[in-house]
Amino acid sequence: MNKIHYVGFAAFAFLMILSGSLFSVDQRQNGVVFQFGEAVRVIESPGLNIKIPFIQNVQFFDKRILDVKAEAKELTASDEKRVIVDAFAKFRIVNTVEFIKTVHNYQGAQLRLNRILESAMRTVIGKFPLNTLLTDKRANLMLQIRDLTYSEAKNFGIEVIDVRILKADLPPENSTAIYMRMQTDREKEANQIRAEGNEEAARIRSKADKESKIILANAYMDAQKTKGLGDAEAAHLYNQAYSRDSEFFKFYASLNTYKASLSKENTQFVLSPDSEFFKYLRLGK
Amino acid sequence: MKKYIYQHTFKKSPWEDSEPKENIFTKKRRDQFNFDNFQFNFNPKSVIWILGGIILLWLANGFYKVEEGEEAAIIRFGKFNRTAMPGLNYKLPSPFETLEIEKVAQSRRIEIGYRSSGKLRNNIGADLNKDRDIAAESIMLTGDENIIELNVDVMWHISNLSDYLFNVTDPEEAVKAVSESAIREVIGNMPIASVLSNQKQEITEKIEGLIKQILEQYKIGVAIEQVKLLKAEPPKEAIQAYRDVQTAKADKEKEINEAQSYRNNILPKARGEAAKILEESEGYKVEVIAKAEGDASRFNAIYEQYLLNKEVTRGRLYLDALKEILYQSDKVIMGTEGVLPHMAVKPKASTNSQ
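Calculation notes
Residues numbered from 1 in each chain as written. Chains lettered and ligands numbered in written order. Predicted model: local features only at pLDDT ≥ 70, side-chain atom pairs only at ≥ 80, totals over all residues. Heavy atoms only, no water. Helix = DSSP H or I, 4+ residues; strand = E, 2+ residues; numbered from the N terminus. Buried < 20%, exposed > 50% of the residue type's maximum accessible area, 1.4 Å probe, protein only. Contact = heavy atoms within 4.5 Å. Areas by Shrake-Rupley, 256 points an atom, 1.4 Å probe, with all protein chains shown as cover. Salt bridge = Lys/Arg side-chain N within 4 Å of Asp/Glu carboxyl O. Core = buried A, V, L, I, M, F, W, Y, C linked by side-chain atoms within 4.5 Å. Buried area = accessible area lost by both parts, 1.4 Å probe. Polar contact = N/O pair within 3.5 Å; in protein donor to acceptor, adjacent residues only side chain to side chain. Nonpolar A, V, L, I, M, F, W, Y, C, P; charged D, E, K, R; others polar. Patch = residues over 30% accessible without salt bridge, like charges linked within 9 Å, V, L, I, M, F, W, Y side chains within 5 Å. pLDDT = per-residue confidence, 0-100. Axes fitted to C-alpha atoms, helices over the stretch in contact; angles between N-to-C directions. Parallel < 35°, antiparallel > 145°, perpendicular 65-115°, else oblique. Left-handed = near helix turned anticlockwise from the far one by under 90°. Pairing = 2+ DSSP bridges.

### Here's the deal with the overall build of chain B
What chain B contains, in helices and strands, is 10 helices and 12 strands. For chain B, the residues scored as buried account for 35% of the 354 residues in total. Of all intrachain contacts in chain B linking residues separated by at least 6 positions in sequence, the fraction that spans at least 24 positions is 65%. Carbon and sulfur atoms form 55% of the exposed surface of chain B, whose accessible area is close to 22,000 Å².

Here it is, written out as structure tokens:
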């Protein structure tokens with residue numbers, strides 16, 4: 001009976017000591033062993049480790065890439081333009097002891113980094129006009145911010161890996177102005193396009209009109225020429241014939257003209273019986 | 001048979017549920033239980049049997065299944081030990097080795113600028129219009145200081161499980177933040193016209209390249225599959241004006257088309273008219289000449305006869321002409337004596353009726 005109790009107690013004590021002295025360090029973390037509050041050991045490789053139970057305790061610090069955000073802040077670019085920028089930084093704890101001494105824990109680090117990041121953004125963006133942010137120099141700006149943050153954060157055992165600007169927007173009142181400008185820009189474009197359409201159409205129409213006039217005029221010219229040729233030829237023919245006896249021609253032509261012009265329907269003839277025409281009529285009387 | 005299956009399945013699930021708990025608390029309680037039981041009922045041999053049984057069960061707990069498309073990372077005392085592939089696998093039970101299973105082959109999607117409503121999507125007749133727009137994500141500044149609204153999908157999957165698990169906190173969020181930043185960087189570097197025009201392919205390629213480049217820096221263990229530009233629109237405030245530009249373009253086309261159809265109408269007409277005029281003139285020429293020739297030859301013919309007997313021909317011609325003229329017309333023959341002072345000369349037949 002007693003023996004069994006002993007064994008049980010011994011096993012329990014052994015387990016207690018074992019659990020107090022063994023600890024595992026996660027792949028994602030560094031372990032720091034404290035002895036009466038003093039950091040005595042940093043364990044950087046994951047796995048099973050031993051500490052002195054009850055005297056030493058262990059804290060874990062993330063060694064993955066961590067994230068800190070800088071909230072949207074209105075900053076002034078060097079050309080006095082206001083711009084709302086937010087950014088995030090990726091960092092990693094590289095010197096755990098230094099980290100514990102200076103910022104204590106992750107929350108402390110975030111607060112500090114946040115402030116460092118903001119001031120770096122203010123400094124760097126204040127040095128450039130706004131449109132630098134809107135060119136391929138943006139990457140360069142981010143690098144500058146990163147370098148600034150990097151050198152300051154180094155003191156906290158932190159390595160800043162990357163700083164990225166998330167947004168770079170104009171303040172709302174500027175946005176309204178931009179919307180207005182975009183709108184008027186488009187209206188301008190639309191008007192221009194329509195006017196160009198009208199211009200093009202008018203050009204096509206007037207060109208068509210011109211061409212048709214030219215065609216008709218040319219045709220008229222050619223027609224008149226042709227007719228003239230015909231007239232000339234006819235006149236020549238008439239001349240040839242009629243010039244043989246101009247006296248007879250006059251007589252003949254006059255008769256033809258009388259025949260043609262004194263039509264039967266609308267002419268009334270008042271004839272005198274003394275006329276040459278009735279000479280023989282009178283004779284009979 | 002049915003009963004057997006029932007028992008089997010019924011037995012199985014409570015086993016698996018209770019196993020993990022057993023490791024910490026229940027196990028000790030059971031030990032105590034056994035102690036108590038032992039005191040009252042059993043001998044040491046049975047204690048060993050029971051303990052052995054419990055240890056066996058505990059060891060059996062190490063079997064686990066990795067499904068197709070998944071990978072498992074086995075962590076021994078916190079240290080990454082190995083990855084396990086789909087199938088039945090074994091690890092040492094809980095305090096020694098732990099397990100993280102992730103669907104590595106699964107294509108994951110990050111929605112930027114909008115959130116699709118998942119519930120609706122599962123229903124029949126899913127409505128994409130029900131997607132919520134996230135203005136804070138979708139609205140951004142272009143290189144020429146215009147504002148544009150973009151919706152983007154970024155598809156990715158886990159390419160290296162241990163990197164994914166151990167290198168970055170909240171990798172999914174990291175991918176999202178990096179994507180957003182990359183999109184804004186690329187768009188912020190371009191005039192709005194090229195974003196709205198047909199350069200979308202080029203833009204997505206740029207964004208994809210930038211995201212990949214940044215993520216590589218983090219060793220995040222993620223592979224970007226595709227960046228899809230779903231929507232690239234001018235902001236609501238200005239979209240009407242943009243649409244009007246499109247209308248204006250159509251209007252322009254219309255104007256030009258109308259003018260061309262006018263031209264296509266008028267030119268052939270003119271050509272036809274010209275041809276008509278020319279033909280007419282040709283006709284006139286031939287006609288005039290023919291007439292002249294005819295007249296001349298007729299005159300000549302008569303003239304030949306006239307030369308033969310001038311007096312007779314002259315007289316005959318004169319009388320012929322008079323006959324023709326006077327044949328049908330009204331004639332009044334008046335002598336010199338006794339003429340009425342008034343003569344009802346009717347100029348036209350119409351006066352008769354009055």
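That shown, we press on.
### Comments concerning the pattern of salt bridges
Summed over the entire model, instances satisfying the criterion amount to 32 salt bridges over all chains. With a shortest N-O distance of 3.3 Å, Asp147 of chain A and Arg146 of chain A are connected by a salt bridge. Asp147 of chain A gets classed as partly exposed once you look at its relative accessible area, which sits at 41%. One salt bridge connects Asp153 of chain B with Arg109 of chain B, and the closest N-O pair in it is separated by 3.5 Å. With Asp153 of chain B in strand S10 (residues 147-158) and Arg109 of chain B in strand S6 (residues 108-112), the pair connects residues that are 44 residues apart, well separated along the chain. On the basis of relative accessible area, Asp153 of chain B is assigned to the buried category, the value being 3%.

### Some words on the nonpolar core
Across soluble globular proteins, you tend to see nonpolar side chains buried next to one another. Ranked by size, the top nonpolar core spans 91 residues in total, and within it Ile158 of chain A together with Leu150, Ile211, Leu215, Tyr218 and Ile224 of chain B carry the most contacts. In this structure Tyr218 of chain B touches Ile65, Phe88, Lys90, Ile161, Asp162 and Arg164 of chain A together with Asn167, Val168 and Val178 of chain B, once residues within four positions along its chain are discounted. Counting 13 residues, the second largest nonpolar core, distinct from the first, contains Tyr242 and Phe248 of chain A together with Ala296 and Ala321 of chain B.

### As for the interface of chain A and chain B
Taken residue by residue, the interface counts 100 residues in chain A and 104 residues in chain B. Summed over both partners, the interface of chain A with chain B buries about 9,600 Å², with 65% contributed by carbon and sulfur atoms. There are nine salt bridges connecting chain A and chain B. Between Glu145 of chain B and Lys81 of chain A there is a salt bridge, with the nearest N and O atoms lying 3.4 Å from each other. There are 27 residue pairs in polar contact (both at pLDDT 80 or more) connecting chain A and chain B. Residues of the side of chain A that touches chain B, tallied by class, amount to 49 nonpolar, 17 polar and 34 charged.

### Quick word on a nonpolar patch on the surface
Residue and element names in this part refer to chain A. Taken together, the side chains of Phe12, Met16, Ile17, Phe36, Ile52, Phe54 and Ile55 define a hydrophobic patch exposed on the protein surface, amounting to about 770 Å² of accessible area. Among the structural elements, Phe36 can be located in the loop between strand S2 (29-35) and strand S3 (38-43). When its relative accessible area of 68% is taken as the criterion, Phe36 is described as exposed.

### Digging into the confidence of the model for chain B
Residue and element names in this part refer to chain B. Taken residue by residue, chain B gives an average pLDDT of 80. The fraction at 70 or more is 79%. Ranking the elements of chain B by mean pLDDT puts helix H3 (residues 118-122) last with 48 and S10 first with 92. Confidence drops under a pLDDT of 50 for residues 119-127, and excluding neighbours within four residues, the segment shows seven contacts in the predicted structure. Low pLDDT (under 50) marks residues 349-354, which in the prediction has two contacts with non-local residues, meaning those over four places away or in another chain. For this predicted complex, the interface confidence comes out at an ipTM of 0.73, alongside a pTM of 0.69.

### Let's talk about the packing of helix H6 (residues 171-187) of chain B against helix H8 (residues 200-218) of chain B
All names here are of chain B. Closest axis-to-axis distance for the H6/H8 pair is 9 Å, and the angle between their directions is 135 degrees. Between H6 and H8, the angle falls in the class oblique. Once H6 is placed against H8, the crossing between them reads as right-handed. Across the interface between the two elements, Val175, Val178, Ser179, Ala182, Ile183, Glu185, Val186 and Ile187 of H6 pack against Ile203, Lys206, Ile207, Leu210, Ile211, Ile214, Leu215 and Tyr218 of H8.

### Digging into the sheet that holds strand S8 (residues 158-169) of chain A
Residues and elements named next belong to chain A. Strand order in the open sheet formed by three strands is S6-S7-S8, and the pairing between neighbours is antiparallel. The open sheet has two edge strands, strand S6 (66-76) and S8, and neither has a second partner. Averaged over neighbouring strand pairs, the angle between their axes works out to 20 degrees when direction is ignored. Relative to strand S7 (residues 82-93), S6 runs antiparallel, the two sharing nine bridges.

### Observations regarding unusual backbone geometry
Residues and elements named next belong to chain A. Positive phi is not limited to glycine here, since Phe36 has a value of about 50 degrees. Although it is not a glycine, Glu80 adopts a positive phi angle of roughly 70 degrees. Secondary-structure assignment places Glu80 in the loop between S6 and S7.

### Concerning the packing of helix H3 (residues 106-126) of chain A against helix H5 (residues 137-153) of chain A
What describes two packed helices is the angle between their axes and the distance between those same axes. Residue and element names in this part refer to chain A. Across the interface, H3 lies against H5 with an axial gap of 9 Å and an inter-helix angle of 140 degrees. Between H3 and H5, the angle is such that the two are oblique. Considering how the two elements wind past one another, H3 and H5 form a crossing that is right-handed. Only Leu141, Gln144, Ile145, Leu148, Thr149, Glu152 and Ala153 of H5 make contact with H3, whose side of the interface consists of Leu113, Ile116, Leu117, Ala120, Met121, Thr123, Val124 and Ile125. Tallied by class, the residues present in the contact of H3 with H5 amount to 11 nonpolar, three polar and one charged.

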